[in-house]
Amino acid sequence: MKRLLLLAGILAIIFYSPVSAQTTTVTGTVKDAENGSPIPGVNVTQKGTTQGTITDAAGAFSLDVPPDATLIISFIGYKTQELIVGNNTTLAIELSVDVTALSEVVVTALGVKQEKRALGYAAQELKGAELANTRPTNIVTALQGKVAGVRIQNSGGAPGAGTSILIRGVTSLNSGQNNQPLFVIDGVPISNETIAANVLPSSGSVATTSTEQYSFSNRAIDINPDDIESLNVLKGPAATALYGLRASNGVVMITTKRGKAGKPQISYTGSIGWDEVNKTPGIQRAYREGAAGVKRMGVPGAGTPFQTFGPPVTEDDVLYDNFKNFFQTGKRFSNNLSVSGGNDKANYFTSVSHLKQEGIVPNSDWSRTSVRFSGNAALSDRLTVRGGATYTNSGGLRPQGGDKSIMSALNYHTTSADVNDYINPDGSIKSYAGTTIDNPRYLAEFSTMEDDVNRVITYAGANVKILDWLEADYQIGLDYYGDQRVRIAPVGLDISTAAGGFMVEERLLYREINSNFLLTARYSFSEDLKGSIMVGNNVLDIHSNQLNVRGEKFGMKGFYDLTNTANKFTTEADLVRRLIGVFGDAKLEYKSMLYVSVTGRNDWSSTLPTQNRSFFYPSISAGYVFTESLGLSSNPTFNYGKIRASWAEVGKDAQAYQIGQYYQLALGFPFNGVNGFRQSTTYGAASLEPERTRSLELGAELKFFNNRLSLDATYYRAISTNQITEIPVTNVSGLALYVTNAGKIRNQGVELLLSGSPVRTGNFSWDVSLNWSANRNKIITMPDGINEIMFMDDRIANKFVRGGSIADLYGRPYRRNDQGQLLLDADGYPTFSDSYIKVGNALPDWLGGLTNTLSWKGLSLSFLIEVREGGDAYDTGMRNRLRNGVDERTVPRNVDVVFQGVTADGSPNTRSARIDGDTYYRVAARYADVAEVLLQDASWLRLRSATFSYTFGRSVLANTPLNALTLSAAGNNLLLFTPFKGFDPEGSSYGSGSNSLGYTGLNIPMTRSLTFTVSANF
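- The name given to the chain in an unreviewed UniProt entry is SusC/RagA family TonB-linked outer membrane protein, with Dawidia soli as the source organism.
- Regarding the chain, the relevant UniProt record gives this comment under Sequence similarities (unreviewed entry): "Belongs to the TonB-dependent receptor family."
- Database annotation for the chain, UniProt heading Subcellular location (unreviewed entry): "Cell outer membrane".

1. What to know about the overall build of the chain
Then, number 1: Looking only at helices and strands, the chain features eleven helices and 52 strands.
Then, number 2: Against the globule reference of 31 Å for 1018 residues, the chain gives a C-alpha radius of gyration of 31 Å, in line with a compact fold.
Then, number 3: Along the three orthogonal principal directions, the C-alpha set of the chain runs to about 110 × 75 × 65 Å.
Then, number 4: Put simply, the chain has 1018 residues, and 55% of those count as buried.
Then, number 5: Residue pairs in contact within the chain that sit at least 24 positions apart in sequence constitute 69% of those at least 6 positions apart.
Then, number 6: Here the chain contributes 93 positively and 94 negatively charged side chains, and the mean placements of these two sets differ by 2 Å.

2. What about empty space enclosed by the protein?
Then, number 1: The final tally for this structure, using the stated rule, is 13 cavities of 30 Å³ or more.
Then, number 2: Of the voids in this model, the largest cavity is the one considered here, and its volume is about 560 Å³.
Then, number 3: Forming the boundary of the largest cavity are 33 residues, of which Thr-137, Thr-141, Asn-154, Asn-972 and Thr-1007 lie nearest the centre.
Then, number 4: Counting only elements with at least two residues in the lining of the largest cavity, the list comes to strand E49 (940–951), strand E50 (964–977) and strand E52 (1007–1017).
Then, number 5: Along the lines of polarity and charge, the residues of the lining of the largest cavity split into nine nonpolar, 19 polar and five charged.
Then, number 6: Counted as a void, the second largest cavity has a volume near 230 Å³.
Then, number 7: In this structure, the second largest cavity is lined by 23 residues; those nearest its centre are Ile-185, Thr-256, Arg-372, Thr-390 and Ile-457.
Then, number 8: Listing elements by their share of the lining of the second largest cavity, those giving two or more residues are strand E14 (188–190), strand E16 (251–256), strand E20 (365–378), strand E21 (383–398) and strand E22 (448–467).
Then, number 9: Residues of the lining of the second largest cavity, tallied by class, amount to ten nonpolar, seven polar and six charged.

3. Some thoughts on the side chain of Asp-321
Then, number 1: Its place among the elements puts Asp-321 in the loop between strand E17 (262–277) and helix H4 (322–325).
Then, number 2: With near-sequence residues (within four places) excluded, Asp-321 lies in contact with Ile-283 and Arg-285.

4. Comments concerning the side chain of Asp-916
Then, number 1: Looking at the secondary structure, you find Asp-916 in the loop between strand E47 (913–915) and helix H9 (917–921).
Then, number 2: Despite being buried, Asp-916 has no salt bridge partner; Arg-914 is the closest side chain of opposite charge, sitting 4.4 Å away.
Then, number 3: From its side chain, Asp-916 meets the backbone nitrogen of Asp-918 in a polar contact 3.3 Å long.
Then, number 4: Residues within four places of Asp-916 in sequence aside, it is in contact with Arg-893, Asn-894 and Tyr-921.

5. Overview of the environment of Leu-975
Then, number 1: Looking at where Leu-975 falls in the secondary structure, it is placed in strand E50.
Then, number 2: In the structure, Leu-975 is positioned 110 residues away from Ile-865 in sequence and 9.4 Å away in space, judged by C-alpha atoms.
Then, number 3: Look past the residues within four positions of Leu-975 in its chain and what remains in contact with it is Leu-941, Arg-942 and Leu-943.

6. So, the sheet that holds strand E7 (residues 90–95)
Then, number 1: The three strands are arranged E4-E1-E7 in an open sheet whose pairing can be described as mixed. At either margin of the open sheet sits one strand with a lone partner, and together these are strand E4 (60–65) and E7. Mean inter-strand twist for the sheet, computed between neighbouring axes without regard to direction, equals 30°.
Then, number 2: Two elements, strand E1 (residues 24–32) and E7, share six bridges in a ladder whose sense is parallel. Bridging across to E7, Thr-27 finds its partner in Thr-90.

7. Observations regarding the packing of aromatic side chains
Then, number 1: A complete count under the given rule lists 27 aromatic pairs for this structure.
Then, number 2: Measuring from centroid to centroid gives 5.6 Å for Tyr-990 and Tyr-999, while their planes differ by 80°, and the two rings are edge-to-face. The residues Tyr-990 and Tyr-999 share a single accessibility class, namely buried.
Then, number 3: Chaining the aromatic ring pairs together yields one cluster made of Phe-309, Tyr-829, Phe-899, Tyr-920, Tyr-921 and Tyr-927.
Then, number 4: Sitting over the ring of Tyr-481, Arg-219 keeps its end group 5.7 Å from the ring centre.
Then, number 5: Over the ring of Trp-940 we find Arg-868; its NZ or CZ atom is 5.3 Å from the centre of that ring.

8. Some thoughts on the nonpolar core
Then, number 1: If you look at the biggest cluster of nonpolar residues, it comprises 41 residues, and the most contacted ones within it are Ile-796, Phe-800, Ile-806, Tyr-814, Phe-899, Tyr-920 and Tyr-927.
Then, number 2: At the level of elements, strand E39 (788–794), strand E40 (796–801), helix H8 (878–883), E47, H9 and helix H11 (931–934) are the ones that each hand at least two residues to this core.
Then, number 3: Counting 24 residues, the second-largest nonpolar core is a separate cluster that includes Leu-126, Val-188, Ile-223 and Leu-231.

9. Focus: the sheet that holds strand E6 (residues 81–84)
Then, number 1: Taken in spatial order, the four strands make up an open sheet running E3-E2-E5-E6, and their pairing is antiparallel. Because the sheet does not close on itself, it has two edges, and the strands there are strand E3 (52–54) and E6. Adjacent strand axes in the sheet meet at a mean angle of 20°, parallel and antiparallel pairs treated alike.
Then, number 2: Direction of pairing for strand E2 (residues 43–46) relative to strand E5 (residues 70–74): antiparallel, over a ladder of four bridges. Bridge pairing links Asn-43 to Ser-74 in E5.

10. With respect to the confidence of the model for the chain
Caution applies to low-pLDDT regions: their predicted coordinates should not be interpreted in detail.
Then, number 1: When pLDDT is averaged along the chain, the result is 90; 96% of the residues meet or exceed 70.
Then, number 2: This stretch, residues 1–21, has a pLDDT under 50; its non-local contacts, to residues over four places away or in other chains, come to 15 contacts.

11. Some words on the environment of Leu-822
Then, number 1: Here Leu-822 lies in the loop between strand E41 (808–811) and strand E42 (837–841).
Then, number 2: The class for Leu-822 is buried, based on a relative accessible area of 14%.

12. Brief notes about the pattern of salt bridges
Then, number 1: This structure, assessed with the given rule, holds 58 salt bridges.
Then, number 2: When the shortest N-O distance is used, the salt bridge between Lys-127 and Glu-125 registers 3.3 Å.
Then, number 3: The salt bridge partner of Arg-168 is Glu-697, with a shortest N-O separation of 2.9 Å. Of this pair, Arg-168 sits in the loop between strand E12 (163–167) and strand E13 (182–185) while Glu-697 sits in strand E33 (residues 691–704), and the two are 529 residues apart along the sequence.

13. Brief notes about unusual backbone geometry
Then, number 1: At Asp-186, a residue that is not glycine, the phi angle is positive and equals roughly 50°.
Then, number 2: Relative to the elements of secondary structure, Asp-186 occurs in the loop between E13 and E14.
Then, number 3: Even without a glycine there, the phi angle at Ser-592 is positive, about 55°.

14. Points about the pairing of strand E34 (residues 709–721)
Then, number 1: By the bridge criterion, 13 bridges tie E33 to E34 in an arrangement that is antiparallel. When the bridges of E34 are listed, Leu-698 appears paired with Tyr-715.
Then, number 2: Linking two consecutive strands that pair antiparallel, namely E33 and E34, is a turn of four residues; a positive phi of about 55° is found at Phe-705 within it.
Then, number 3: Two strands pair when backbone bridges link them, and E34 and strand E37 (residues 744–761) are joined in this way by twelve bridges, in the antiparallel orientation. The partner of Leu-711 across the bridge, within E37, is Leu-754.

15. Quick look at the environment of Val-147
Then, number 1: Mapping Val-147 onto the fold places it in the loop between helix H2 (128–132) and strand E11 (150–154).
Then, number 2: For the pair Val-147 and Glu-125, spaced 22 residues apart in sequence, the C-alpha to C-alpha distance is 8.5 Å.
Then, number 3: Apart from the residues lying within four places of it in its own chain, the contact partners of Val-147 are Gln-124, Leu-126, Val-233, Lys-235 and Asn-771.

Criteria and cut-off values
Residues numbered from 1 in each chain as written. Predicted model: local features only at pLDDT ≥ 70, side-chain atom pairs only at ≥ 80, totals over all residues. Heavy atoms only, no water. UniProt positions renumbered as here; feature names shortened; annotations may be inferred. Helix = DSSP H or I, 4+ residues; strand = E, 2+ residues; numbered from the N terminus. Rg over C-alpha atoms; globule rule 2.2 N^0.38 Å. Buried < 20%, exposed > 50% of the residue type's maximum accessible area, 1.4 Å probe, protein only. Contact = heavy atoms within 4.5 Å. Lys, Arg positive; Asp, Glu negative; His and termini not counted. Charge placed at Lys NZ, Arg CZ, Asp CG, Glu CD. 1 Å grid on protein atoms, 1.4 Å probe; cavity = no way out; pocket = protein on both sides within 12 Å on 5 of 7 lines; lining within 4 Å. Points joined across faces, edges and corners; volume = space filled by probe spheres on them. Nonpolar A, V, L, I, M, F, W, Y, C, P; charged D, E, K, R; others polar. Salt bridge = Lys/Arg side-chain N within 4 Å of Asp/Glu carboxyl O. Polar contact = N/O pair within 3.5 Å; in protein donor to acceptor, adjacent residues only side chain to side chain. Pairing = 2+ DSSP bridges. Axes fitted to C-alpha atoms, helices over the stretch in contact; angles between N-to-C directions. Phe/Tyr/Trp six-rings, centres within 6.5 Å; stacked < 30°, edge-to-face > 60°. Lys NZ or Arg CZ within 6 Å of the ring centre and 35° of its normal. Core = buried A, V, L, I, M, F, W, Y, C linked by side-chain atoms within 4.5 Å. pLDDT = per-residue confidence, 0-100.

Structure, rendered in structure tokens:
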């Protein structure tokens, strides 16, 4: 009660304002001087007083002032005007764009536009044209190398492949927790999940999860890049706290294009592009197929061909570089058409786009078709409504990676056989190795998975100007999609033989409803002191359903339907999750140089125990533009300086149904038509609490030479506690895992953004932008009694150990003595250690991106160089190449070598060891599973993108219906320099959304691309 009375008192003080006895009513409109469109939200204040108002959606205002009053008209991004009222009671005001302030306006939490100088935290904005000019298929990949503190991880080069995004490190120990940011489009939070579900047979595969089988799409891929006006990355908890626990990993704010007043504008963009593999493994060309130096192919009684440890190559032998021959040139075709327009009361924007992509793997493709409409209308001076809807259809044929896949077989495949000779006359698989391995091309053609996604994102909202200083805003949004998948694995394949062939039909449904209500009050205490208070409510409802039907053992050959399978397995998972939040944000601004913001949010989550469902987290941020108080704002050398600081706390709740114990389908059931269920082996603590992250951020923004050179520097330190962790327990308890709160993680790092314009003379300009970031992650505490948590074990293990890092990699290196000398066995060979020790870390030491843009008249050249320094990766496909004698590193063979090292008694080794396939390369302890062999440095320097364009001048288009015409050529991933041997190490073997770091090689390889584009406005 006391808090309510205190709040009421504060509001009464803030919003009380005496009215002058002798006033006149001034009305008017404020429009953009360039295009004549009305500008809503413009501040109109009486100079020297606290009287003021803001314009409505039609740019109109009304204010009672004395006749001799001077009005100050100001708005972010425009030049401020002062007007003496006098006898003019009706004003028509036009504001001109302030070029120096254009880049200083950003969209922050809940869609609020603010001057960047007012922020007490780091935020980086990119314009839509900057994202779309390289014609990305996935909008997330367009962020690569452009945003400091953001790590982008591609899952591969397959059409429609998913992409992960990580901001300022991993904050959760739980493998199932989401560490990716929240995506928000026009104020509507949407799903960016990557759902792999289950496409594996009951037996015949050793794949850990379905994530490694296909590069499933992250759902942000459904966004049409041509619809985007701007994208803002909110990085720290202070920037994202108002969005609640879903934004604990950051927020990607997307603002789409809108119509402007004036005649209708028609825009068309069309492009055609080509993709090819940008890097392939080196093969050995000295030896042909065979084993122990003996040829097997075509030799009766010699044994099944498989390895490439045969005799030396002769002039009569034909060798095939199957890594290059298998992949084809992919193609991309895209078209986008938009129509927009409006008047001073309403505007609209609509677009239609289609993208078709043919993959580098034969018989793979992906397409996306989207239709979008949005509009705003001022129904009165005080009521504005808005709405929009986007429909997207996407999907295609996915190439298989992971275990017993195209990539697994390709890495085994001998150079003595053509991989594209894959089918027998009767349609069966043709493989040089019989049933030992599959032919990769046959897998591509006949072992398929196709998905078909239909998605709708829609919203409706209204803004009511209750009083001149008080407004209410409500918006409700819906994100709904259905994903239909069909996987077919014919009889006779390595992965399907045990099951007699199989197919999977899967249906995924997702529905998310978001309701947001905001009440905002603004007040000017004086000309120097202004403030605002915003309070709001958010209601979130998520419902998802997964229905999976797997049929095994086909009856009739070639008839792929569930009715043609003898054994059927059905699973269904239904999830409901709800979240209710209330929040507030109080801001103060003093003399446009000192800014303070205090926020608080309380969430109630349905996934937590009743007694712990409610949790509160605050934030405070401040910014001080010290050049204002020092009188340096007009200084030609140092014209802008700001320091900022913030402290914030955010929460993260549990996954659905982690509390207590549930039932699950028992193994081996259904059996003889009878279902069987058992209690889950995972039990969640009834006292489970939300994870919490407390963050401190310090930063500075400096500008020199009238904004020609700028520096933005940030330091952050975040401590994540109350980790929701799955702890292994003894099987005697009947359980395998116990879910509880335990563990603490620290992330700290530095982000730098340096930009400048070294040259601006006449028609020529040169702009440069450099971003650099480094993050250090440390596991401070672990659950009591637990020394380590094994996250992934595939000869190179990713496990969590106290004092280590989330991304630490462990392996079995060669045994050495205290002096670092190799310890050799009795036969003179080195062998690996008995236990796993730390051998590397998957995360880079630092990331950097350098963008150069050179413009001369209508010509423009822009290119981005990206650097990743440090970070290790295990090529999970390389082991196949090594063990089968395909890799170039297996050329030294059939020779005797004396390894430098010592024997068991410490004496120098003098014994020679035979180097060949059976005694060395294929032996796990001597070579094939040794950490020094498997783990590699994944550093790189690459030309991430380059764009060359020409925009025709207006004089050329004077007698045409065109307002603008641009021709451009763009390339992605054009050059790569890396010590990593194999395919491009950027890909991930376990797909987007996975928390497994440092594994690559069995994904469809990365590509480089070239695209030609024409853009026209009518």
